[in-house]
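What the coordinates show
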Amino acid sequence: MQSSSWGRSAFQLFNYVFLIAMSILCILPLVHILAISFSSSAAVSAGDVTFWPVDFTFKSYSFILDNPKFLTSVGITLERVVIGTIINLFLAVLTAYPLSKEVSAFRHRTWFAWLFVFTILFNGGLIPWYMTIKMTGLIDTIWALVLPGAVAVFHIILLLNFFRALPKELEEAAFVDGAGHWTTLWRIMVPLSMPAIATILLFTLVQHWNSWFDGMILMNKPAHYPLATYLQSIIIKLDFENLRQEDIYLLGLISDRTSKAAQIFLGTLPILLAYPFLQKHFMKGIVLGSVKG
Amino acid sequence: MVQQQATSRWKRQWPLYAMLVPAIICVVIYSYIPLVGSVIAFQDFTPFKGWFGSDWVGLDQFRYAFELPDIWKIIRNTVVISLMKIVAGLFVPILFALLLNEINKMFVKRSIQTLIYLPHFLSWVILGGILIDILSPSEGMVNQLIKWLGFEPVFFLGDNRWFPYILVLTDTWKEFGFSTIVYLAALTGINPALYEAAVIDGAGRIKQTWHITLPGMIPIIVLMATLSLGNVLNAGFDQVFNLYSPQVYESGDVLDTLIYRVGLEDMQYSVATALGLVKSVVSFAFISISYWLAYRLANYRIF
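Thresholds, definitions, all that
- Residues numbered from 1 in each chain as written.
- Chains lettered and ligands numbered in written order.
- Predicted model: local features only at pLDDT ≥ 70, side-chain atom pairs only at ≥ 80, totals over all residues.
- Heavy atoms only, no water.
- UniProt positions renumbered as here; feature names shortened; annotations may be inferred.
- Domains from an automatic or database assignment.
- Contact = heavy atoms within 4.5 Å.
- Buried area = accessible area lost by both parts, 1.4 Å probe.
- Polar contact = N/O pair within 3.5 Å; in protein donor to acceptor, adjacent residues only side chain to side chain.
- Nonpolar A, V, L, I, M, F, W, Y, C, P; charged D, E, K, R; others polar.
- Bend = angle between axes of the 7 residues up to and from the residue.
- Helix = DSSP H or I, 4+ residues; strand = E, 2+ residues; numbered from the N terminus.
- Buried < 20%, exposed > 50% of the residue type's maximum accessible area, 1.4 Å probe, protein only.
- Salt bridge = Lys/Arg side-chain N within 4 Å of Asp/Glu carboxyl O.
- Core = buried A, V, L, I, M, F, W, Y, C linked by side-chain atoms within 4.5 Å.
- Phe/Tyr/Trp six-rings, centres within 6.5 Å; stacked < 30°, edge-to-face > 60°.
- Lys NZ or Arg CZ within 6 Å of the ring centre and 35° of its normal.

The name given to chain B in an unreviewed UniProt entry is ABC transporter permease, with Paenibacillus mendelii as the source organism. Its UniProt record gives chain B a comment under Subcellular location (unreviewed entry), which states: "Cell membrane".

An unreviewed UniProt entry annotates chain A as Carbohydrate ABC transporter permease originating from Paenibacillus mendelii. The heading Sequence similarities (unreviewed entry) in the UniProt record of chain A holds the text "Belongs to the binding-protein-dependent transport system permease family." Recorded under Subcellular location (unreviewed entry), the UniProt text for chain A is reproduced unchanged: "Cell membrane".

Following this line, the structure appears as structure tokens:
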């Protein structure tokens, strides 16, 4: 008994140390980038910066926040986040409700559900998708970033399963009182489904904030890039066409690394700010997603 | 009589149909019309002739695609990278969930969870930018450490011997926290009475883990494993695209990046569509099998 409890304590110690070390390791790269972004370029190129800023300075940030291209792209991202999230949520609620009905209440329910589910099982591929968007005239408009992904099938499934788990009596009572489907949906189902809707809301916000590929191929002019695409072109591709002559000169002064680090951090900041909310709804979202009604 | 029934049903159900209209219009335009557009895989497509005016060439584009010099290497890369990701993405979270389950201090447990699933919410542009910086052979933090330890610096993102493993490692870094939470959620569903009974029977922690915790996790493990089968041809476009460069095409070029380059950089629309169609058909088969297995083995239904 004595030895087993000793073994247990040794294991516990190891376990705590291991898990804490691993979890810190997970965010160390982010801390390093943050430290670089607040350090002077001299300190960074000398390799002095690890996890704490050296020669603390805001220079990289003021350089970026003075850049009209950066600010324009933030504006475009905000636009797509707002419009895209509203459309996404509205369509998810509107579509999940009929699909949550039993076949007896909505005859073609299963047929329509498969119509949506099929789109996640099989797709026409990148090129026909691109050409369709081009044909509908969305290239270089904000709608190209919003409409093609407006129907989020996974979110609809999550919501319809939540609707189905709600007590049927509420709905029946509403019908007895003379409420139609429309009223029942907005007055009863939606208020009761706020946890699910909040989960979807946060996922959609993050998704729109992070999307970069659609901006890259659907926007011909870099001036129309959302932030994520702009960052991709600056940080990953280092697209010199996208830099002005004076930017290139300034970059020499600021050091490429500090300015990239600052942009990476600014691109992450809204997610970090939303993180406590994300976290709160995250568990719920997973439980909702895995437990079927 | 039948007519009357139909009318009254229509009266009750028409708002349900009406609610579906906007979403149906959207998926028809942006999911089903592209499906029609994939006919260009069987044509020698020229933009001004359109989807149905271009010359039909049968399977020539497929033949051409599968005679591309690197095609088999790329398919091999795709499958190897995605299988490694599937395996790592399955076992690392299980291990973490089991270890986290042994932590009794709620505050510590919650803090660890908070840290490990943060990367899940960041995009590969951000993570790619971070990785390019810290893995840089000249200035990167990782190589500073390697040099300090007295070894030669390694060009992780430019060396074919390292690149695929870096993909797997960094993908695990991004996603394992998310899956860990899924497993932990499953663990909370295990009946505590089972543990109490085991303690009375004299079972230690290891025996409890082996005979109660793990079996309790089996359904969700089976579910996650079968569902991940559908990703056999998805090596992760976002990640590869943001980390690779021509010098690691040898080990890191995958189907999706090839399709992107052939289609949107070389403008060979028909060839890219043919490749995409092959990928879609094979993926469809895998996803269908995985959903069917998930249904049979874990009683999982999509809706």
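Here the narrative resumes, following the displayed structure.
**With respect to the domain arrangement of chain B**
Interface size is commonly expressed as the accessible area that is lost once the parts come together. All names here are of chain B. Segmenting chain B into domains produces domain 1 (1-58) and domain 2 (59-298). Facing 10 residues of domain 1, the contacting portion of domain 2 comprises 9 residues. For the pairing of domain 1 and domain 2, the buried interface totals around 770 Å² over both sides, and the portion due to carbon and sulfur atoms is 67%. The tally of links between domain 1 and domain 2 comes to 6 residue pairs in polar contact (both at pLDDT 80 or more). Split into classes, the residues belonging to the side of domain 1 that touches domain 2 amount to 6 nonpolar, 3 polar and 1 charged.

**Quick look at helix α10 (residues 205-228) of chain B**
Residue and element names in this part refer to chain B. Helix geometry: α10 is bent most strongly at I218, by close to 45 degrees, with proline P219 lying one to four residues after it. The complete set of buried residues in α10 reads Q208, I212, T213, M217, I220, I221, L223, T226 and S228. Each element contacted by the buried residues of α10 is listed here: α4 (71-101), α8 (163-187), α9 (192-200) and α14 (269-298).

**Quick look at the interface of chain A and chain B**
Taken residue by residue, the interface counts 95 residues in chain A and 83 residues in chain B. Linking chain A with chain B are 2 salt bridges. Here R257 of chain A ties to D133 of chain B by a salt bridge, and the two come within 2.9 Å at their closest N and O atoms. On inspection of chain A and its partner chain B, the count reaches 17 residue pairs in polar contact (both at pLDDT 80 or more). Per-element accounting of the side of chain A that touches chain B gives the leading share, 18 residues, to helix α1 (residues 2-37) of chain A.

**Focus on the side chain of R80 of chain A**
All names here are of chain A. Tracing the sequence through the fold places R80 in helix α4 (residues 68-99). The class of R80 is buried, set by a relative accessible area of 1%. Polar side-chain contacts of R80 include one of 2.8 Å to the side chain of D214. Ignoring sequence-local partners within four residues, the contact set of R80 consists of T85, I142, L145, V146, H208, S211, D214 and P226.

**With respect to the nonpolar core**
Counting 128 residues, the largest nonpolar core has I217 of chain A together with M217 and Y260 of chain B as its most contacted members. Ignoring any residue separated from it by four or fewer positions in sequence, one finds Y260 of chain B in contact with L126, F213, M216 and I217 of chain A together with F237, F241 and E265 of chain B. Within the second largest apolar cluster, 45 residues are counted, among which are L99, L121 and M189 of chain A together with C26 of chain B.

**Looking at the pattern of salt bridges**
When the charged atoms of two side chains lie near each other, side chains of opposite charge can form a pair. All names here are of chain B. Tallied over the full model, the rule gives 15 salt bridges over all chains. E250 serves as the salt-bridge partner of K73, at 3.2 Å between the closest nitrogen and oxygen. With K73 in helix α4 and E250 in helix α12 (residues 249-252), this pair connects stretches of sequence that are 177 residues apart. What makes E250 partly exposed here is its relative accessible area of 44%. For D159, the salt bridge goes to R161, with nearest N and O atoms at 3.0 Å. According to the relative accessible area criterion, R161 is exposed, its value standing at 66%.

**With respect to the UniProt feature "domain: ABC transmembrane type-1" (unreviewed entry) in chain B**
Under the UniProt annotation, "domain: ABC transmembrane type-1" (unreviewed entry) lies at residues 75-290 of chain B. Between the first and last C-alpha atoms of residues 75-290 of chain B the distance is 20 Å; the span itself is 74% helix and 0% strand.

**A closer look at the domain arrangement of chain A**
Residues and elements named next belong to chain A. The domains assigned to chain A are domain 1 (2-57) and domain 2 (60-287). Averaged C-alpha coordinates put domain 1 and domain 2 at centres separated by 33 Å. With 10 residues of domain 1 at the interface, the matching set in domain 2 holds 11 residues. When domain 1 packs against domain 2, the two sides together hide about 900 Å² of surface, and 72% of this comes from carbon and sulfur. When the buried surface of domain 1 facing domain 2 is broken down by residue, I33, S37 and S41 rank first, second and third, together holding 43% of it.

**Section: the packing of aromatic side chains**
Under the criterion given, the structure shown has 37 aromatic pairs over all chains. With a centroid separation of 5.6 Å and 85 degrees between ring planes, the pair formed by F122 of chain A and F284 of chain B is classed as edge-to-face. Here the residue F122 of chain A occupies a position in the loop between α5 (109-121) and α6 (126-135), and F284 of chain B occupies one in helix α14, the pair thus bridging two chains. Taken together, the aromatic side chains of W212 and F213 of chain A together with F237, F241, Y244, Y249 and Y260 of chain B make up a single cluster linked through ring pairs. When the ring centre of Y249 of chain B is taken as reference, the NZ or CZ atom of R261 of chain B above it lies at 4.2 Å.

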